[in-house]
Amino acid sequence: MTSRVIPVSSFVLVVFGATGDLARRKLLPAVFQRAVAGQLPDEANIIGVARTQMAEGEFQILARQALEEHVPPSERDAASVERFLTRLRYVAVEALGEDGWHELALALEPFQDRVTVFYLATGPALFSPICERLGRFGLAGANARVVVEKPVGRDLASAQAANAAIGRVFPEERTYRIDHYLGKETVQNLMALRFANGLFEPLWNAAHIDHVQISVAESLGVEGRAGYYDTAGALRDMVQNHLLQLLCLVAMEPPARLDAGAMRDEKVKVLCSLEPITAANAAHNVVRGQYRAGASVSGPVPGYLEELELDESTTETFVAIKAGIKNWRWAGVPFYLRTGKRLSTRVSEIVITFRPVAHSVFASSAGPVAANQLVIRLQPDEGVQLWLMIKDPGPGGMRLRQVPLDMSFATAFGLRNPDAYERLVLDVVRGSQTLFMRRDEVEAAWRWIDPILEAWSHPAAELPLPYAAGTWGP
Ligand code: BG6
């Protein structure tokens, strides 16, 4: 089976933070993959922007290394890599100063009639100064769009300030707040599962669902992002955005259409219906942890403090929250959100556990009647499983057994699963905002997160609980 490739119009992608982790690990490989797939017009190009002065050709060397490290050999041949490198240019720009902006404007001059995407793969503190300068140097015209990475801000006040600063230069319809979880294939599939099947909707409520678990477990540690991570922690890095977005997609009402306005309206309603976590109930509903030395699949690994060479830090690398949604559909159904670094394995999934049968007609010798579960596996081994009870086949009387109706997307369709960034970067070029977060959404998420941060900052708050790397957390 082959995938369908819909070419996009010509564009120029300007990546701020072009020498950083995100650009090397995700953005350059994503655009490369779309080029190889034949989706990019020949003239589409990329301008890398960062502080470092580079000699002619140096950015190409960095990009080549990035592709070698982050694109599997079977998906890149020498000729495609060489062709891709000819699309790249580099301009050194001082985001907080005046140097380089004029040169950037000159580099963009020939492309004024094209869609220009400014991708800010930088820390949130730079969003405002970069946007201000893009405006001042005349680079934010009608064809220009800005993409900002999560987390936008580090609490509600800073997110509002960042959104206001971006909004002074770019109107909302040209602002793309990225949450790459929304571009994952299986997350898209959640929409298909819920809204293209009549089967689930009558059951999708508190009368039939017992609880929902949303877990994003990572086996890796902080991976060279110490400076950022220690000021963020799992709550800001993962829960405020990825986990709450997944919760919204599970819990939202069916939108009238799958367009940006209708989808985001429904997600905001969920965020505004979350039961507040307060200083008084945080200890009961939230657990935070920090990893100590332990073992990963590849051998012994140091603890968080040793890995970051810190004497002390209360930054959480694990968080679990019992959340609730105060509306008719979900009242009383716990949503367990859980994420952590250096856990035993990498797995992200959403598990919907239905209510048990009202009464068991079976003798105790048949074994327990387990509740049905719908498991939506985001990674690895993307797919959906519906766990049902059946009679154990063969003689031996009535014995019950739980089996999955199993749909593994990779095996079923035999396709390469495109990385979320491939879809999302091209959505910006297409002008499709459905998979991006609107300003009020980001702020509503912070409004729920802020009291948890406040509760943790209280001197009497319990410190993060230690857990050994390679385990399932505290
Ligand atoms: C990023 C976080 O947004 O998501 C990282 O900043 C995290 O800390 C990553 O590792 C996880 O993404 P994925 O796609 O590998 O699950």
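Overview of the structure. Since the model is a prediction, treat every value here as computed from it, not as a measurement. (Residues numbered from 1 in each chain as written. Predicted model: local features only at pLDDT ≥ 70, side-chain atom pairs only at ≥ 80, totals over all residues. Heavy atoms only, no water.)

1. Describing the overall build of the chain
Tallying secondary structure elements over the chain gives 14 helices and 18 strands in all. By the compact-globule yardstick of 23 Å for 474 residues, the chain fits well, its C-alpha radius of gyration being 24 Å. If one aligns the C-alpha atoms of the chain with their principal axes, the spans along those axes are about 80 × 60 × 50 Å. Burial analysis of the chain (474 residues in total) assigns 52% to the buried set. Total accessible area on the chain is roughly 21300 Å²; 55% of this is exposed by carbon and sulfur atoms. Positive and negative side-chain charges in the chain, numbering 48 and 54 respectively, have mean positions lying 5 Å apart. (Helix = DSSP H or I, 4+ residues; strand = E, 2+ residues; numbered from the N terminus. Rg over C-alpha atoms; globule rule 2.2 N^0.38 Å. Buried < 20%, exposed > 50% of the residue type's maximum accessible area, 1.4 Å probe, protein only. Areas by Shrake-Rupley, 256 points an atom, 1.4 Å probe, with all protein chains shown as cover. Lys, Arg positive; Asp, Glu negative; His and termini not counted. Charge placed at Lys NZ, Arg CZ, Asp CG, Glu CD.)

2. Considerations on the sheet that holds strand β5 (residues 144-148)
In sheet architecture, strand pairing relies on hydrogen bonds along the backbone and comes in two forms, parallel and antiparallel. The strand order β3-β2-β1-β4-β5-β6-β17 describes an open sheet built from 7 strands, whose pairing is mixed. One side of each edge strand has no neighbouring strand; the edge strands of this open sheet are β3 (88-92) and β17 (436-437). Of the pairings in the sheet, the one linking β5 to strand β6 (residues 175-178) comprises 3 bridges and is parallel in character. Within the sheet, the bridge partner assigned to Val-148 lies in β6 and is Arg-177. (Pairing = 2+ DSSP bridges.)

3. Some words on a nonpolar patch on the surface
A grouping of Val-361, Phe-362 and Met-398 is seen on the molecular surface, where their side chains present a nonpolar patch of about 290 Å² in accessible area. Position of Phe-362 relative to the elements: it lies in the loop between β13 (347-354) and β14 (373-379). (Patch = residues over 30% accessible without salt bridge, like charges linked within 9 Å, V, L, I, M, F, W, Y side chains within 5 Å. Salt bridge = Lys/Arg side-chain N within 4 Å of Asp/Glu carboxyl O.)

4. A short note on the sheet that holds strand β11 (residues 318-323)
Pairing is mixed in the open sheet, where 9 strands are placed in the order β16-β15-β14-β13-β7-β12-β11-β8-β18. The outermost strands of the open sheet, each flanked by one partner alone, are β16 (400-408) and β18 (465-468). Along the sheet, successive strands turn relative to each other by an average axial angle of 20°, direction set aside. Strands β13, β14 and β15 (383-391) of the sheet are contacted by helix α7 (residues 185-195), whose axis makes an angle of about 150° with β14. (Axes fitted to C-alpha atoms, helices over the stretch in contact; angles between N-to-C directions. Contact = heavy atoms within 4.5 Å.)

5. Quick look at helix α9 (residues 260-273)
Given a rise of 1.5 Å per residue, 14 residues ought to cover 20 Å, and the 20 Å separating the end C-alpha atoms of α9 matches this to within 8%. If you check which residues of α9 are buried, you get Ala-260, Ala-262, Met-263, Arg-264, Glu-266, Lys-267, Val-268, Val-270, Leu-271 and Ser-273. Along its buried surface, α9 packs onto α7, α8 (226-251), β17 and α14 (439-457). (Expected span 1.5 Å × (residues − 1).)

6. What to know about the pattern of salt bridges
Using the criterion set out here, one finds 29 salt bridges in the structure. Between Glu-201 and Arg-194 there is a salt bridge, with the nearest N and O atoms lying 4.0 Å from each other. Note on Arg-194: relative accessible area 3%, which makes it buried. Counted as one network, the salt bridges with shared partners bring together Glu-98, Glu-132, Arg-133 and Arg-136.

7. Some details on the pairing of β6
The side-chain alternation of β6 yields two buried faces, one formed by Thr-175 and Arg-177 and the other by Tyr-176 and Ile-178. Regarding the hand of the β-α-β motif, the stretch spanning β5, helix α6 (residues 156-167) and β6 is right-handed. As paired strands, β6 and β17 are joined by 2 bridges and run antiparallel to one another. Residue pairing across strands places Ile-178 opposite Phe-436, the latter belonging to β17. (Right-handed = clockwise from strand over helix to strand, strands pointing away.)

8. Section: the site of the ligand
Taken together, Lys-150, His-180, Tyr-181, Lys-184, Glu-218, Arg-225, Asp-237, Met-238, His-242, Lys-341, Arg-346 and Gln-379 make up the full set of residues adjacent to the ligand. With respect to the ligand, the side chain of His-180 contributes an N or O atom lying 2.8 Å from an oxygen atom. Interatomic distance of 2.8 Å between a side-chain N/O atom of Lys-341 and an oxygen atom of the ligand. Protein coverage of the free-state accessible area of the ligand, which is 400 Å², stands at 83%. The element contributing the most residues to the shell around the ligand is α8, with 3 residues. Tallied by class, the residues present in the shell around the ligand amount to 2 nonpolar, 3 polar and 7 charged. (Near = heavy atom within 4 Å. Polar contact = N/O pair within 3.5 Å; in protein donor to acceptor, adjacent residues only side chain to side chain. Nonpolar A, V, L, I, M, F, W, Y, C, P; charged D, E, K, R; others polar.)

9. Side note on the environment of Asp-381
Among the structural elements, Asp-381 can be located in the loop between β14 and β15. Classification of Asp-381 as exposed rests on a relative accessible area of 57%. On a C-alpha basis, the gap between Asp-381 and Ser-219 in space is 16 Å, while along the polypeptide they are 162 residues apart.

10. Notes on the environment of Arg-76
Note on placement: Arg-76 falls in the loop between α2 (58-70) and α3 (78-85). Remark: the alpha-carbon pair of Arg-76 and Arg-25, spanning 51 residues in sequence, is separated by 15 Å. Not counting the four nearest positions on each side in its chain, Arg-76 is found in contact with Phe-32, Leu-67, Glu-68, Val-71 and Val-81. Of the polar contacts made by the side chain of Arg-76, one reaches the backbone oxygen of Glu-68; its length is 3.1 Å.

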